[in-house]
Amino acid sequence: MKKQSVNNTLWFLLGFLVFFNFYIVMIPIAKPPRVTDIIGCLFIVLMFLRLNTIMKMKFHIFDFLYLVAMSLWLLKDIIITGPGSLIITFRWIMAFMVGLVIARLPPQSTCRYKVLVGMIFGAAANIVVIILQICGYFDSMVALGFGSKDSWYANIGSSIRYAGLFEYPNALALVTSISLPLSLGLVQEFRKPFWVVIAGFCITALGCGLTYTRAPFIVSCLLMLIWLLNGQKKQTIRKVLVVCAIMSIVLLFGMPGGEDRWSDTAYMENNKDDRLASNMDGLGLLINNSFGLGALFKDQVSFAVHNAYLQLGLMAGIPFLGFTMIQIFRAIQKSISLKRSELWVALTLALNFFFEEHLTNPTIVILLMWIIFAPKSLVDHEIGTLDKSKTIGMPPVR
């Protein structure tokens, strides 16, 4: 019993630390590692200690092709770019290890549940960090590893957009907004009460509000609409009550980031034009460099592409981008009927990737790796469910 309790705590900590991804400042180097870098290294050690178990893991052909494509990209980057790309290369490998472990957790298991709950608590802990930064403790937070020295700032009126544990505010907003799809997954997959969705939405709204970020909030509202329209009729009343409660919260506290972010039409029009122009410039650059410019492509261009798909294409090339988009689509397709958390997380990432460059954020890359390697687990779950239904003479569990 005690061993089981320890295991549950460790799984909870895994989920928590993936989201509360602080720097290990005790290591005296210019770019200290994040806690997920250490976790990834531990998983690599465990992989070699249990090599027989790893060798028995089954991979879909797309998983194998993706691994080959990622390996070729990272190897090319090291050869061409040199030591400068080692940090990004190392973090993608660590993200692969952590994401693969999460993707292979047994469906509806206690360990999977603990990881998902830990992620939500990790998202909430990010809110505490940014509140402390806003209250004037930014330097103290950075000294403790709860903030980046390279944080990017922007002013909204007289307010400063702080970035929490990450290097730019939009990254924090996306990380906290993942709490909503996770809460939707807990309700559908683990039959948790509907108030969990309200909690997830509050974390999302706080994260977007404190960072003055709009895109993740809009995507979250779209997810809520999909969730409301999907499912059994007997759940509709409870879903409507949840949505009404959320609308009441928004009406009471206002839109995240303040009304000016949503009502200043001149600013919004300029912002839209700038983003569209940068998207088109990035697309033209990608067409002319179909095999990518490397992980450090930002050093070769003078603009932000404001799109994670273009970012990945410019980093790794169109073939790797194609594999990634196929895997995201497969995860969404396979998880629709199974009502797994991967559906909501994949939709959140897929939509938010249209609005910002998120793939230098190790937490987001870990979530992407989870989604990319989820389809094989989802297929195994579906086959197992069908086999079980044949055995006990009942229809598949949905």
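Structure: see above.
Everything numeric in this text was worked out from a predicted model, so none of it was measured. (Residues numbered from 1 in each chain as written. Predicted model: local features only at pLDDT ≥ 70, side-chain atom pairs only at ≥ 80, totals over all residues. Heavy atoms only, no water.)

### Regarding the packing of aromatic side chains
With the rule as written, the count across this model stands at 16 aromatic pairs. Taken together, a centroid distance of 5.7 Å and an interplanar angle of 75° make the contact between Y309 and F353 edge-to-face. Here the residue Y309 occupies a position in helix α14 (residues 308-316), and F353 occupies one in the loop between α16 (341-352) and α17 (362-372), the gap between them amounting to 44 residues. Just as Y309 is buried, F353 falls in that class too. (Phe/Tyr/Trp six-rings, centres within 6.5 Å; stacked < 30°, edge-to-face > 60°. Helix = DSSP H or I, 4+ residues; strand = E, 2+ residues; numbered from the N terminus. Buried < 20%, exposed > 50% of the residue type's maximum accessible area, 1.4 Å probe, protein only.)

### Focus: empty space enclosed by the protein
This model, assessed by the stated rule, comprises one cavity of 30 Å³ or more. What the largest cavity holds in volume is close to 30 Å³. Around the largest cavity, the lining residues are A308, Y309, L312, T324, I328, F353 and L359. The element that contributes the greatest number of residues to the lining of the largest cavity is α14, accounting for three residues. Within the lining of the largest cavity, the residues separate by chemical class into six nonpolar, one polar and no charged. (1 Å grid on protein atoms, 1.4 Å probe; cavity = no way out; pocket = protein on both sides within 12 Å on 5 of 7 lines; lining within 4 Å. Points joined across faces, edges and corners; volume = space filled by probe spheres on them. Nonpolar A, V, L, I, M, F, W, Y, C, P; charged D, E, K, R; others polar.)

### Details of the packing of helix α15 (residues 318-338) against α17
Between α15 and α17, the shortest axis-to-axis distance is 8 Å and the interhelical angle comes to 65°. With respect to α17, the element α15 is oriented roughly perpendicular. Across the interface between the two elements, T324, Q327, I328 and A331 of α15 pack against L368, I371 and I372 of α17. (Axes fitted to C-alpha atoms, helices over the stretch in contact; angles between N-to-C directions. Parallel < 35°, antiparallel > 145°, perpendicular 65-115°, else oblique. Contact = heavy atoms within 4.5 Å.)

### Considerations on the side chain of N170
The residue N170 is located in helix α7 (residues 169-177) in this model. Accessibility expressed as a relative area gives 12% for N170, which makes it buried. Ignoring anything within four residues of it in the chain, the contact list for N170 reads R161, T213, R275, E356 and H358.

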